[in-house]
Amino acid sequence: MKHLPSRTFGSLAPALVTPFHQDGSLDAEAAARLATKLVDDGCDTILLSGTTGESPTTHQPEKDELTRAVKEAVGQRAHIMCGACSNDTAHAVRIAEGAQACGADCLLVVAPYYNRPSQAGLIAHVRAIMDATDLPIMLYDIPGRTGLAFSDETFDELAQYDRIKGVKDATGQVERGSARMHRTGLEYYSGDDGENFNWLVAGASGLISVVAHVAAAQYRRMIDLLDDNQVWEAREIHFELRPLVDAIMGGGQGTVMAKVALALQGIIDTPAVRLPLVPTSDEELTRLRQVMERMNLL
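Note that the structure is predicted; figures quoted are calculated from it, not measured.

### A word on the sheet that holds strand β8 (residues 206-209)
Thought 1: Within the open sheet, the eight strands sit side by side as β1-β8-β7-β6-β5-β4-β3-β2. Their pairing is parallel. Strands at the two margins of the open sheet, each flanked by one partner only, are β1 (12-14) and β2 (45-48). Put simply, the sheet's adjacent strands are angled 25 degrees from each other on average, direction ignored.

Have a look at this one:
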């Protein structure tokens, strides 16, 4: 008898890049095409306006246009998750309200970065966003970027709210996350491509991945194999993908490298990013191209 985890947010989501034209303007049509391809390849959720989507440098009208375009493209084939991520709670609330109005199915909420409030402030921030919509919420714990980790006590308290359903964990601490998952009943999602297999074996509901931009079919297969208790076969996929994970996430900046990979495949027209992100180095580009050629991804 299979015992599968609950999956309010699906099981495989790319943290979608936000395509731009060469002049830096939003290319919503390219985003819709990309999302459609990834759903075709096995993704059942699309995360928009996360960090990989350059949410710090896209503005509210652009976020709303992006949500509408992708929602229209994929329809009911996948959940649309939108990041409501800001260290200004009022701004995060506006983002959340706009996402719901444009058709989002769920929200991702990160700890307020830089100003580093207390745990009480973190809880108040999350509750304010939760109260602004009626969408399910996934919390995002990535203290390496925010400077503020969710404590055990904060997770315990937030887990009591019906609409707080899950956690994207990018702490690198799978064992601790597994204990939190068991204690709180929250659904956990890997937020670190290098730990995807380990998280799934530990009972995570799924993956939110950057590398899935070019390896969605492989991750779909990994998840399906583990759902069928075929651990060794899934482990082989994990090791097959290691060079690609290292090439995209190990040296360069993940958003930049994912866009370059998609441009090499001809899926997006340009890997343009907005400052403070800058184009990849020649060395990083060569390494990525070589890995993708060896893996027959080009």
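### Notes on the packing of aromatic side chains
Thought 1: Tallied over the entire structure, the rule returns four aromatic pairs.
Thought 2: For the pair Tyr188 and Trp199, a centre-to-centre distance of 5.8 Å together with 20 degrees between the ring planes defines the contact as stacked. Taken together, the positions of Tyr188 in strand β7 (residues 187-190) and Trp199 in helix α8 (residues 196-201) put the pair 11 residues apart, joining distant regions of the chain.
Thought 3: Taking the relative accessible area as the measure of exposure, Trp199 reaches 1% and is therefore buried.
Thought 4: Three or more aromatic residues joined by ring pairs form one cluster here, namely Phe150, Phe155, Tyr188 and Trp199.

### Focus on the packing of helix α11 (residues 254-264) against helix α12 (residues 282-294)
Thought 1: Relative orientation of the contacting elements α11 and α12 amounts to 55 degrees, with a least axis distance of 11 Å. Considering the angle they form, α11 stands oblique to α12. As for the relative orientation of α11 and α12, their crossing is right-handed in sense. Of the residues in α12, those in contact with Met257, Val260, Ala261 and Leu264 of α11 are Glu284, Leu285, Leu288, Arg289 and Met292.
Thought 2: Among the residues making up the contact of α11 with α12, the classes are represented as seven nonpolar, no polar and two charged.

### Concerning the side chain of Thr171
Thought 1: The topology assignment puts Thr171 in the loop between β6 (164-169) and α7 (174-184).
Thought 2: Polar side-chain contacts of Thr171 include one of 2.6 Å to the side chain of Asp169.
Thought 3: Among the polar contacts listed, one links the side chain of Thr171 to the backbone nitrogen of Gln173, at a separation of 3.2 Å.
Thought 4: If we skip the residues at most four places from it in the chain, Thr171 touches Asp141, Pro143 and Arg176.

### Thoughts on the UniProt feature "active site" (unreviewed entry) in the protein chain
Thought 1: Cross-referencing UniProt, the feature "active site" (unreviewed entry) maps to Tyr140 and Lys168 in the present numbering. Look at the named residues: they lie 29 residues apart in sequence, but the longest C-alpha span between them is just 4.7 Å, so in the fold they bunch up. As for the annotated residues named above, the ones lining the largest pocket are Tyr140 and Lys168.
Thought 2: Tracing the chain through its elements places Tyr140 in strand β5 (residues 137-141).
Thought 3: Not counting residues within four places of it along the chain, the set of residues in contact with Tyr140 comprises Leu108, Val109, Val110, Ala111, Phe150, Lys168 and Ala170.
Thought 4: Summarising the element assignment, Lys168 is placed in strand β6.
Thought 5: If we skip the residues at most four places from it in the chain, Lys168 touches Leu47, Leu108, Met138, Leu139, Tyr140, Asp141, Tyr189, Gly191 and Ile208.
Thought 6: A distance of 3.4 Å separates polar atoms of two side chains, one belonging to Lys168 and the other to Tyr140.

### Describing the pairing of β5
Thought 1: Of all five residues that make up β5, five are buried, and the element is covered over most of its length.
Thought 2: Side chains of β5 alternate between two faces, with Ile137, Leu139 and Asp141 and Met138 and Tyr140 buried alike.
Thought 3: When strand β4 (residues 106-110) meets β5, the two strands line up parallel, connected through four bridges. Its bridge partner lying in β5, Leu107 is registered against Ile137.
Thought 4: Between the parallel pair β4 and β5, the chain is carried across by helix α4 (residues 119-132), and the sense of this crossover is right-handed.
Thought 5: Sheet topology places β5 next to β6; five bridges connect them, and they run parallel. Each bridged residue has a counterpart across the sheet, and for Leu139 the counterpart in β6 is Val167.

Reading guide: rules and limits
Residues numbered from 1 in each chain as written. Predicted model: local features only at pLDDT ≥ 70, side-chain atom pairs only at ≥ 80, totals over all residues. Heavy atoms only, no water. Pairing = 2+ DSSP bridges. Helix = DSSP H or I, 4+ residues; strand = E, 2+ residues; numbered from the N terminus. Axes fitted to C-alpha atoms, helices over the stretch in contact; angles between N-to-C directions. Phe/Tyr/Trp six-rings, centres within 6.5 Å; stacked < 30°, edge-to-face > 60°. Buried < 20%, exposed > 50% of the residue type's maximum accessible area, 1.4 Å probe, protein only. Parallel < 35°, antiparallel > 145°, perpendicular 65-115°, else oblique. Left-handed = near helix turned anticlockwise from the far one by under 90°. Contact = heavy atoms within 4.5 Å. Nonpolar A, V, L, I, M, F, W, Y, C, P; charged D, E, K, R; others polar. Polar contact = N/O pair within 3.5 Å; in protein donor to acceptor, adjacent residues only side chain to side chain. UniProt positions renumbered as here; feature names shortened; annotations may be inferred. 1 Å grid on protein atoms, 1.4 Å probe; cavity = no way out; pocket = protein on both sides within 12 Å on 5 of 7 lines; lining within 4 Å. Right-handed = clockwise from strand over helix to strand, strands pointing away.

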